Every structure is written in structure tokens, then in C-alpha cells.
Amino acid sequence: MKHKYYTYIAMQKMSRCFILLFSGAVLTFLQGYVAVHYLKAQPSSACLTCSLESDLLSYSTLALVPLTGLLLVFGYLRVQNGLFIATTLLLLMISWAVIDTMIFDDRVASWSTFTTAELWLASLVGCLLPVMAGGIAWWGIAYFTTRRYEHKVS
């Protein structure tokens with residue numbers, strides 16, 4: 001009977017990780033698309049035929065690698081839900097701002113003369129609201145996902 005219980009818990013953890021990774025991937029793409037949609041008509045300096053969506057898809061993997069690592073480490077260490085949600089939220093929001101800045105740099109700043117400070121300022125002003133909205137959505141998803149499984153495991 002214990003074997004079935006541990007299998008049940010392992011399946012819960014795997015499904016929670018899948019839900020969180022899938023949500024992180026979708027939110028990363030959506031947040032980036034909303035934040036830099038106005039740059040869709042601008043050509044990329046790295047690839048003149050690349051679309052904004054393909055750039056977003058490739059840059060979005062940058063946010064998922066550390067998120068996967070955090071999920072594995074926090075799952076192994078059994079970190080409290082509040083610390084887990086706060087850390088992943090901070091990581092994702094920083095990743096989103098960096099991705100938006102990279103796309104802004106690739107499509108706007110590389111064709112002009114922006115200083116580093118001007119680049120970050122212009123990019124962060126443009127992505128502030130989408131990053132905050134994505135952060136609120138991530139908090140809700142992570143909170144309800146971890147809360148749902150917390151009661152069943154305890």
C-alpha cells in the first residue's frame with residue numbers, strides 16, 4: 001500500500017512541474033508578444049527574414065532553463081511554497097525584462113545609437129506593464145497549483 005502512495009505523490013509532483021513549466025512557457029511567450037508587439041514591422045538586425053514570433057520563441061527558452069533548474073532544486077529541497085513562488089516570480093520577471101530588452105536591442109537599438117542606459121530605460125518603460133501583468137498571472141498559477149497539491153500530500 002505504501003508503494004502506491006509514493007507513486008501517487010511522485011505523479012502529483014510531476015504533474016505540478018509540468019503545469020508550472022507549461023504555464024511559464026506560455027506566459028513568457030505571451031508577455032513578450034504583448035510587450036514588443038509594436039516592433040513586429042521592424043526588421044531584426046541578426047536575421048532580416050526572421051519574424052517576431054520566431055525570435056520570441058527562441059528567446060523564451062532562456063527563461064525556461066533556469067525555471068526548470070529551480071523547480072528541480074526546490075522540489076528536491078522541499079522549499080516552502082511562499083519562498084518557491086517568490087523566487088520563481090523574481091526569476092521570471094527578470095528573464096522577461098531581459099528578453100524584451102534583447103528584442104528591443106535587436107530590432108531598434110542596433111539600427112540606431114543608443115547608449116546602454118538609454119537601451120535599458122527605453123526597453124523597461126515599454127515592458128513594465130506586461131511584465132507586471134505576467135507576474136500577477138504567474139503568482140496566481142503557482143499559488144493555486146502549489147496550494148492544490150500541498151493539501152493532498154500533507
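What counts and what doesn't
Residues numbered from 1 in each chain as written. Predicted model: local features only at pLDDT ≥ 70, side-chain atom pairs only at ≥ 80, totals over all residues. Heavy atoms only, no water. Helix = DSSP H or I, 4+ residues; strand = E, 2+ residues; numbered from the N terminus. Buried < 20%, exposed > 50% of the residue type's maximum accessible area, 1.4 Å probe, protein only. Contact = heavy atoms within 4.5 Å. Areas by Shrake-Rupley, 256 points an atom, 1.4 Å probe, with all protein chains shown as cover. Expected span 1.5 Å × (residues − 1). Axes fitted to C-alpha atoms, helices over the stretch in contact; angles between N-to-C directions. Parallel < 35°, antiparallel > 145°, perpendicular 65-115°, else oblique. Left-handed = near helix turned anticlockwise from the far one by under 90°.

Here the focus is the overall build of the protein chain. Within the protein chain, the regular secondary structure consists of four helices and zero strands. Tracing the protein chain from N to C terminus, the helices and strands come up as α-α-α-α. By residue count, 35% of the 154 residues in the protein chain fall in the buried class. At a minimum sequence separation of 6, the contacts of the protein chain that also span at least 24 residues come to 80%. Of the roughly 9,300 Å² of accessible surface on the protein chain, a fraction of 73% belongs to carbon and sulfur atoms.

Because an α-helix completes one turn every 3.6 residues, residues spaced three or four positions apart along the sequence face the same direction. Spanning 26 residues, helix α2 (residues 52-77) covers 38 Å between terminal C-alpha atoms, matching the ideal 38 Å at 1.5 Å per step. Regarding α2, the residues found buried are Leu52, Asp55, Leu56, Tyr59, Ser60, Ala63, Leu67, Leu70, Leu71 and Phe74. One or two steps after α2, the chain reaches arginine 78, where phi turns positive at roughly 55°.

With that settled, the discussion passes to the environment of leucine 20. For leucine 20, the position within the fold is in helix α1 (residues 2-36). The buried category is assigned to leucine 20, whose relative accessible area is 0%. The contact partners of leucine 20, leaving out residues within four places of it in the chain, are Leu67, Leu71, Phe84, Trp138, Ile141, Ala142 and Thr145.

In this section: the packing of α2 against helix α3 (residues 81-107). Across the interface, α2 lies against α3 with an axial gap of 10 Å and an inter-helix angle of 160°. Here α3 runs roughly antiparallel to α2, going by the angle between their axes. Judged by the twist between their axes, the crossing of α2 over α3 is right-handed. Contacts between α2 and α3 involve Leu52, Asp55, Leu56, Tyr59, Ser60, Leu62, Ala63, Pro66, Leu67, Leu70, Leu71 and Phe74 from the first element and Leu83, Phe84, Thr87, Thr88, Leu91, Leu92, Ser95, Ile99, Met102, Ile103, Asp106 and Arg107 from the second.

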